[in-house]
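# Secondary and tertiary structure notes
Chain residues, written in single-letter form:
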Amino acid sequence: MTSTTDTVCPSCGGHVSEADRFCEACGTELNPGTASTTTPNSPALDTDTEPTVEINGLPPVGPCTSCGGTVGADGYCETCGTKAAKPRDHYSEQPAPWVAGVCDRGIRHSRNEDSMAIAADAEPGSRALLVVCDGVSSSLDSDVASLAAARAARDVLTAGHAQGIGTESSRGGAIVARLNAAADAASDAVLESTSPDSPNPASCTFVAAVLEDGLLVAGNVGDSRAYWFPDASEAVALTVDDSWAAELIATGISRQEAESGPHAHAITRWLGKDAPDHTPRTTTVRVNEPGWVLVCSDGLWNYCSEAAPLADLVRQFAAAHSGEPLATASALVDWANAQGGQDNITVTLARV
């Protein structure tokens, strides 16, 4: 047996031991010098070097945010010495004017382990693909794995356009089959992003929503979520968390009590080498009125879990930003940070 000495996290002051690699409270890496197990082809966006160069498709870091000076190759401003933000800390995507997403490190975590990958056709309300993966902080290289998983899933979903045999039920079944294939690809990407002999293999959650010609299909593994918020009808949570909290809620314990307990965010399914099962549970609904599709990580819903109040929040920010998805997603991320930003935050939206 290895003895451990209790200490505190240098970031949040939480209780940790010398054996811990990450803080349970805020996710801060406690042994920054530990060698990475990232494979050569893994998208390592958390690098501290060459911040002015585009990394894996994310925009390069611009001038120093403190003084406007030039950021050097070491990641620090050459004028005032301020450390530059990493490209992974905050990034956005908008493949079409009606679809957008924002991914942010939050306030408490030292790195962003959330990832998103989205795609859309140009015609509003036609076809949108939203994928969000949330790296498990206690596993190694979860930031690398989550990004690889999200992009692999999006690529599978983008490659096909389900038709079935012409009926709505068969088309829905074809979309579900493609979503399952996307989860398989995401799982494979996670496995490829971790060393075979890793003592704590990379893992992440998975959620995806596919909107195609009036059908909306969502599936998840873990506790990242998808919602449908029609303008004039009842808000719908499309996914059920794979978590201890969800199991407690199923037994009759109130949502507030279950989601505020000590094991509220302990997940029961995930993607990774030690995952018990990665087949997503899916839900299919027909979209026949205007509304918002929201796919997000728990960094957002932590502060507003119920579908109805979260829908009100989305509508409020959408109204304040003329219904523009990117501005609305950014406002939701800012709101979550204002509530404490205790986790990484990802918000992806499609306006139908």
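The structure we're discussing is the one just above.
Analysis parameters
- Residues numbered from 1 in each chain as written.
- Predicted model: local features only at pLDDT ≥ 70, side-chain atom pairs only at ≥ 80, totals over all residues.
- Heavy atoms only, no water.
- Helix = DSSP H or I, 4+ residues; strand = E, 2+ residues; numbered from the N terminus.
- Buried < 20%, exposed > 50% of the residue type's maximum accessible area, 1.4 Å probe, protein only.
- Contact = heavy atoms within 4.5 Å.
- Areas by Shrake-Rupley, 256 points an atom, 1.4 Å probe, with all protein chains shown as cover.
- Salt bridge = Lys/Arg side-chain N within 4 Å of Asp/Glu carboxyl O.
- Polar contact = N/O pair within 3.5 Å; in protein donor to acceptor, adjacent residues only side chain to side chain.
- Axes fitted to C-alpha atoms, helices over the stretch in contact; angles between N-to-C directions.
- Parallel < 35°, antiparallel > 145°, perpendicular 65-115°, else oblique.
- Left-handed = near helix turned anticlockwise from the far one by under 90°.
- Nonpolar A, V, L, I, M, F, W, Y, C, P; charged D, E, K, R; others polar.
- Expected span 1.5 Å × (residues − 1).
- Pairing = 2+ DSSP bridges.
- Lys, Arg positive; Asp, Glu negative; His and termini not counted.

Right, let's get into the overall build of the chain. Check the secondary structure of the chain and you find seven helices and 15 strands. Considering the chain as a whole, with its 352 residues, one finds that 52% of them fall into the buried category. In the chain, 64% of the contacts between residues at least 6 apart in sequence involve partners at least 24 apart. Surface exposure of the chain reaches about 15000 Å², of which carbon and sulfur atoms provide 51%.

Under the defined criterion, the tally for this structure stands at 13 salt bridges. The shortest N-O distance in the salt bridge between Arg 111 and Asp 143 comes to 3.4 Å. Here Arg 111 is found in the loop between β4 (99–104) and β5 (114–120), whereas its partner Asp 143 is found in helix α1 (residues 142–159), with 32 residues between them in sequence. Each member of the pair, Arg 111 together with Asp 143, is buried.

Let us now look at the side chain of Asn 112. Turning to its location among the elements, Asn 112 is positioned in the loop between β4 and β5. Within the structure, the side chain of Asn 112 is placed 2.9 Å from the backbone oxygen of Arg 88, a separation counted as a polar contact. Of the polar contacts made by the side chain of Asn 112, one reaches the backbone nitrogen of Asp 114; its length is 3.0 Å. In this structure, Asn 112 is in contact with Arg 88, Asp 89, Tyr 91, Cys 103, Asp 104, Arg 105, Asp 143 and Asn 344, ignoring residues within four places of it in sequence.

A separate point is the packing of α1 against helix α2 (residues 168–192). Helix packing geometry: the angle between the two helix axes and the distance between the axes. For the pair α1 and α2, the least separation of the axes is 7 Å and the interaxial angle reads 150 degrees. Accordingly, the angle class assigned to the pair α1 and α2 is roughly antiparallel. For α1 against α2, the interelement crossing comes out right-handed. Here α1 contributes Ala 145, Ala 148, Ala 149, Ala 152, Ala 153, Val 156 and Leu 157 to the contact with α2, which in turn contributes Arg 178, Leu 179, Ala 181, Ala 182, Ala 185, Ala 186, Ala 189 and Val 190. Considered class by class, the residues forming the contact of α1 with α2 number 14 nonpolar, no polar and one charged.

What follows deals with the packing of helix α6 (residues 307–320) against helix α7 (residues 325–338). Relative orientation of the contacting elements α6 and α7 amounts to 120 degrees, with a least axis distance of 9 Å. If you check the angle between α6 and α7, you find them oblique. As α6 runs across α7, the sense of the crossing is right-handed. From α6, Leu 313, Val 314, Phe 317 and Ala 318 reach across to α7, where they touch Thr 328, Ala 331, Leu 332 and Trp 335. Residues of the contact of α6 with α7, tallied by class, amount to seven nonpolar, one polar and no charged.

Let us now look at α7. Relative to the 20 Å expected for 14 residues at 1.5 Å per residue, α7 spans 20 Å between its end C-alpha atoms, a close match to the ideal helical length. Buried within α7 we find Pro 325, Thr 328, Ala 329, Ala 331, Leu 332, Val 333, Trp 335, Ala 336 and Asn 337. Buried residues in α7 make contact with β4, β14 (291–296), α5 (298–301), α6 and β15 (345–351). At the N-terminal end of α7, a side-chain oxygen is found 3.1 Å from the backbone nitrogen of Leu 326, two or three residues along, and the residue is Glu 324. Phi turns positive one or two residues past the end of α7, at Gly 340, with a value near 140 degrees.

Comment: phi is negative for the bulk of residues other than glycine, and the bulk of peptide bonds are trans. For Asp 141, which is not a glycine, the phi torsion comes out positive at approximately 60 degrees. Inspection of the secondary structure assignment puts Asp 141 in the loop between β6 (127–134) and α1. With a phi close to 55 degrees, Ser 322 is a non-glycine residue in the positive phi region. Structurally, Ser 322 can be placed in the loop between α6 and α7.

Attention now moves to the sheet that holds β6. Whether parallel or antiparallel, the strands of a sheet pair through hydrogen bonds between backbone atoms. Spatially, the five strands line up as an open sheet ordered β5-β6-β8-β9-β13, and their pairing is antiparallel. For this open sheet the edge positions go to β5 and β13 (281–286), each flanked by a neighbour on one side alone. Within the sheet, the average angular offset between the axes of one strand and its neighbour, ignoring direction, is 10 degrees. Relative to strand β9 (residues 215–221), strand β8 (residues 206–212) runs antiparallel, the two being bridged by seven bridges. Bridge pairing links Leu 211 to Leu 216 in β9. Across the sheet, α2 lies against β6, β8, β9 and β13, angled at about 145 degrees from β8, the strand it touches most.

Turning to the side chain of Asp 134, a few remarks are in order. Considering the arrangement of structural elements, one finds Asp 134 in strand β6. Look at Asp 134: it is buried, it has no salt bridge, and the nearest opposite charge is Arg 88 at 8.5 Å. Those residues in contact with Asp 134 that sit more than four places away from it in its chain are Glu 113, Asp 114, Ser 146, Cys 204, Thr 205, Ser 224, Ser 297, Asp 298 and Asp 343.

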